[in-house]
Amino acid sequence: MVRLMPLYFWFFLPLLTAVIGGVHGGEVTYDSRSLIIDGQRRILFSGSIHYPRSPPEMWPSLIKKAKEGGLDVIQTYVFWNLHEPQPGQYDFSGRGDLVKFIKEIHAQGLYASLRIGPFIESEWSYGGLPFWLHDVPGITFRCDNEPFKAHMQNFTAMIVNMMKSEGLYASQGGPIILSQIENEYQMVQKAFHDRGPPYVKWAAEMAVGLQTGVPWVMCKQDDAPDPVINACNGKECGETFTGPNSPNKPSIWTENWTSQYQVYGGDPTRRSAQDIAFHVALWIARNGSFVNYYMYHGGTNFGRVASEFVTTSYYNLAPLDEYGLINQPTWSHLRDLHISIKQCSNTLLLGMQMPSSLGPKQEAYVFNGNPSGECAAFLVNKNKEDVEVSFKNSSYLLPAKSISILPDCKHVIFNTAKVRAQYGFKANVPIKTFNLSEEWEEFREPIPNFVDTTLTSDALLEHISTTKDTTDYLWYTCSFQHESSDAQALLNVHSLGHVLHAFVNGVLVGSAHGNHNNKSFTLQSNVSLSNGINNVSLLSAMVGLPDSGAYLESKKYGPVAVSFQDTQGTTKDLANLRWGYKIGLPGENLQIYNEEGSKKIQWSKLSTTNPDETRPPLTWYKTVFDAPGIVEPITLGLTSMGKGEAWVNGRSIGRYWISFRASRSLSSQSSYYIPRTFLKPKGNVLVILEEEGGFPPLITIEKVATTTVCGQAKASDHFNNNYNTSRREAAEAVHLYCPPNRVFTEILFASYGTPNGGCDDVYSLGLCDSPNSRILVEKACIGKRRCSIPASDQFFGGDPCPSEQKSLSVQAYCG
């Protein structure tokens, strides 16, 4: 149920709650070393999980896995345009139930970090700002502008008072220990000239004045006014952060990017577990005390919430993937890192840091002198090769680009480059195909002409100012007289973005689009004109609103120039004709994707059953399916489609754009998540809006499963006589496991010796390999869900190459 409440309600509710039943708790403060909670300094590991990007039914499991991964804090943005779709009217239902989300964090014993913004960027449409702000008279976003500041203050105060009314701040006994105001403002501040600095000062004073009892931060804002803490965002804050801007503020890392968001037409970016761990360890070694993984669980951009050109799947390579499944080895490697650092957290927080050089690119960060006389050390190797160093009269082998953690300044309990967890590789396995033409019905969108429109103008209107972001689509139509024996002409349309489909006399003559880095483009197409009246219909489509940059309210989209050029070179400019407009598509406006709207039109049988035939653009397709009887997450496989949007039981699972290929000629995203909560046991209705002419009988329902696992381990280093015997590491083992209800059915690769490659690469046998490798690994693993194989000469029946450092690599299939 949608909760719509007037603005004044949230200002009086905290007072009412305090009168009915008081709250109690302790303030969260800070010093130069860390946040201080209940009088104790804390090293805190945090992870971003955004409540609107997953169904509420997933929240408990996500938070539980984050806690098991060693996190102390869950961080989330607050999404203004989700909660205030119209001025003064609020919605906190379903995926927008912020209070429920924060209470679930509290119930599981974790803290919360609330990034109110209310501008958030986050690859979220309009950076989280509600579009109605665009039409507020005299407004300029994010600067010393009274209309914007008034609305920003109203929303920020409303959120703060809502949290207070529920007793959710730590100062009240709740979980919220940190809040954020604004977001990476320094990136755009110079563009606002003298209206930038006063806005920063005002935003800080406004936020602090709300008296939450917990600190506020500003990320990427070096001049954050006291007492607001300036925080770092990026992949390498241990190296790039210039430090707190006051000697009494701690070092806080609000965004440690675990991968990178993906855009249509772009390749995925995978960040290794080793690299993430290295920079977290370096951050802690250099006196950092709070680090947040952005994202820890990325989730899904359901519906139309993604910003321009951003895929529906969000940060799927984070420690928890889009479906809530653990991504290995990242999740386990970071968990082990957290455990290791927590073992010496008192020493790190109370001891004195003493950095020293161990070599040209090697450093030691030693913490000692605390009341207990304890000692902890981080040994850092920035070299691209392994290096042996001497520390406190002992030798330590530091792998390339790694940090070793010694909680007692003697024993290495963790090295950032040594991944002991298995690697898991997931696959989308088809379990149903809609390959019968009689399973499908279709509805074709009519192509409007100028006479079909009621909104007209003597100029080409700007796209989003006209649609008000109620839809992705806006039709531009005009008619003109052509009297010539020369029927051939070149159509030229220049658009500021994002997508354009051009029709002349009801026939599609061309499509074009921009990309994430360059939204504008020109469509050119050879067409045949009729003698007499010719109708031009241009469908402009957005793929999300912008989410960044200065003067967001002034950005423009859609066609800005339209002309025809005949074979003689004569140009006819159409931009100044009378144009007619239609906002949205009829099927969209009738909501034919839900049960009630579907009854308002006449569906037809599928018109084309041959995948090689040309299919009409702008067609809706509908089918029905039963929920699969499996436990794995399921997705919709859309490799046979082009571009559009999909709904299951009236709920949008997001935009898709299969035809926009990445550099390797692969779709940026071809599988789209269907949460279990969207489904009924039987009779689920799938509706698809296809813009380009995809072929629905090849659509599949898929299950997401870990099919292949991989592990690697090093044997003992007894061959190296130069390495101090007191510091040698024992032989490691490869530990592998399959998902529940599955066992190992095949060993794809096994080698004890000097195998080439790694779990994130292609394996091959090296010059040295035990002849017993495969048979002994098969004996240990086949038919089992879990198995462990020691990397030792004893297990493999002898030393295949006594003069070499040996390792064990195993890749296995879970059937």
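Just so you know, these numbers come straight off a predicted model, no measurement behind them.

(A) Spatial organisation of the pattern of salt bridges. Inspection of the entire model under this criterion finds 29 salt bridges. Residues E441 and K622 are paired through a salt bridge, measuring 3.6 Å at the closest nitrogen-oxygen approach. Of this pair, E441 sits in strand β20 (residues 441–444) while K622 sits in strand β32 (residues 619–625), and the two are 181 residues apart along the sequence. Its relative accessible area of 32% is what places E441 among the partly exposed residues.

(B) Main features of the packing of aromatic side chains. Overall, the coordinates contain 41 aromatic pairs when judged by the stated rule. With a centroid separation of 6.3 Å and an interplanar angle of 70°, the aromatic rings of Y77 and Y294 are classed as edge-to-face. With Y77 in strand β5 (residues 73–77) and Y294 in strand β11 (residues 288–297), the pair connects residues that are 217 residues apart, well separated along the chain. Comparing Y77 with Y294 shows no difference in burial state: the two are buried. Aromatic rings pair up to connect Y126, F131, F141, F148, Y185, F192, Y199, W202 and Y551 into one cluster. The positively charged end of K401 is found above the aromatic ring belonging to F278, 4.8 Å away from the centroid. The ring of W657 is capped by K643, whose NZ or CZ atom sits 5.4 Å from the centre of that ring.

(C) Region of the structure containing the side chain of N145. Summarising the element assignment, N145 is placed in the loop between β6 (111–117) and α5 (146–165). By relative accessible area, N145 is classed as buried at 7%. At a separation of 3.0 Å, a polar atom in the side chain of N145 contacts the main-chain amide nitrogen of F148. Look past the residues within four positions of N145 in its chain and what remains in contact with it is G138, I139, T140 and R195.

(D) Main features of the sheet that holds strand β12 (residues 352–359). Sheet architecture is open: five strands sit in the order β12-β13-β14-β17-β18, paired in antiparallel fashion. Where the open sheet ends on each side, the last strands, each with one partner, are β12 and β18 (414–415). Note that strand β14 (residues 375–381) and strand β17 (residues 402–406) share five bridges and pair antiparallel. The residue bridging A377 from the neighbouring strand is L406, located in β17.

(E) Inspection of the pairing of strand β7 (residues 176–181) at higher detail. Burial analysis of β7 places six of its six residues in the buried class, which makes it a mostly covered element. Relative to β7, β6 is paired through five bridges, and the arrangement is parallel. The residue bridging R115 from the neighbouring strand is Q180, located in β7. Handedness of the crossover joining β6 and β7 through α5: right-handed. Of the strand pairs in this sheet, β7 and strand β8 (residues 216–219) are connected by two bridges, and their pairing is parallel. Directly across from Q180, in β8, lies its bridge partner V217.

(F) Just α5, in detail. Here α5 spans 28 Å end to end across 20 residues, near enough to the 28 Å set by a 1.5 Å rise per residue. In terms of burial, α5 is a largely internal element, 14 of the 20 residues being buried. Residue N145 occupies the N-cap position of α5, its side-chain oxygen lying 3.0 Å from the main-chain nitrogen of F148. Of the residues one or two after α5, G167 is the one with positive phi, at around 65°.

(G) Representation of the state of the cysteines in the model. Throughout the structure, instances matching the rule amount to six disulfides. Here C375 connects covalently by a disulfide to C409, the sulfurs 1.9 Å from one another. Looking down the S-S bond of the C375 and C409 bridge, the torsion is -70°, so its handedness is left-handed. Remark: C409 occurs in the loop between β17 and β18 and C375 occurs in strand β14; sequence separation between them is 34 residues. Here C375 and C409 have matching classes, each one buried. Here C710 is linked by a disulfide to C759, with a sulfur-sulfur distance of 2.1 Å. For the disulfide bridge between C710 and C759, the dihedral angle about the S-S bond is near -80°, and by the sign convention the bridge is left-handed. Taken together, the positions of C710 in strand β38 (residues 700–714) and C759 in the loop between β40 (744–753) and α14 (773–781) put the pair 49 residues apart, joining distant regions of the chain. Take C759: its relative accessible area is 2%, and that puts it in the buried class. Along the protein chain, the cysteines engaged in disulfide bonds are linked according to the scheme 1-2, 3-4, 5-7, 6-12, 8-11, 9-10 when indexed in sequence order. Of the cysteine sulfurs around C344, a residue in no disulfide, the closest is that of C409, at 9.0 Å.

Conventions used here
Sequence order as written defines residue numbering, which begins from 1 separately in each chain. Residues qualify for local features only when their pLDDT is at least 70, as the model is predicted, and side-chain atom pairs are given and counted only at 80 or more; totals for whole chains, interfaces and linings, by contrast, use all residues. With hydrogens and water excluded, all non-hydrogen atoms of the structure serve as input to the side-chain values. By salt bridge we mean one thing: a side-chain nitrogen of Lys or Arg within 4 Å of a carboxyl oxygen of Asp or Glu. Numbering goes from the N terminus for both helices and strands, where a helix is a DSSP run of H or I of at least four residues and a strand is a run of E of at least two. A 1.4 Å probe rolled over the protein chains alone gives each residue an accessible area, and that area as a share of the maximum for its type sets the label: buried under 20%, exposed over 50%, partly exposed in between. A pair of Phe, Tyr and Trp rings is counted when the ring centres sit within 6.5 Å of each other, with Trp represented by its six-membered ring. The angle between the planes then sorts it: under 30 degrees is stacked, over 60 is edge-to-face, the rest tilted. Distance and angle both matter: a charge sits over a ring if NZ of Lys or CZ of Arg is within 6 Å of the ring centre and within 35 degrees of the ring normal. Any pair of N or O atoms that falls within 3.5 Å is considered a polar contact. Within protein, one atom must be able to donate a hydrogen and the other to accept it, and sequence-neighbouring residues count only if both atoms are side-chain atoms. Contacts: residue pairs with any heavy atoms within 4.5 Å of one another. DSSP bridges decide pairing: two strands pair if at least two such bridges lie between them. For the handedness criterion, the strands are oriented away from the viewer, and a crossover whose path from the first strand over the helix to the second runs clockwise is classed as right-handed. Residue count minus one, scaled by 1.5 Å, sets the expected span of a helix. Count a disulfide wherever a pair of cysteine sulfur atoms falls within 2.5 Å.

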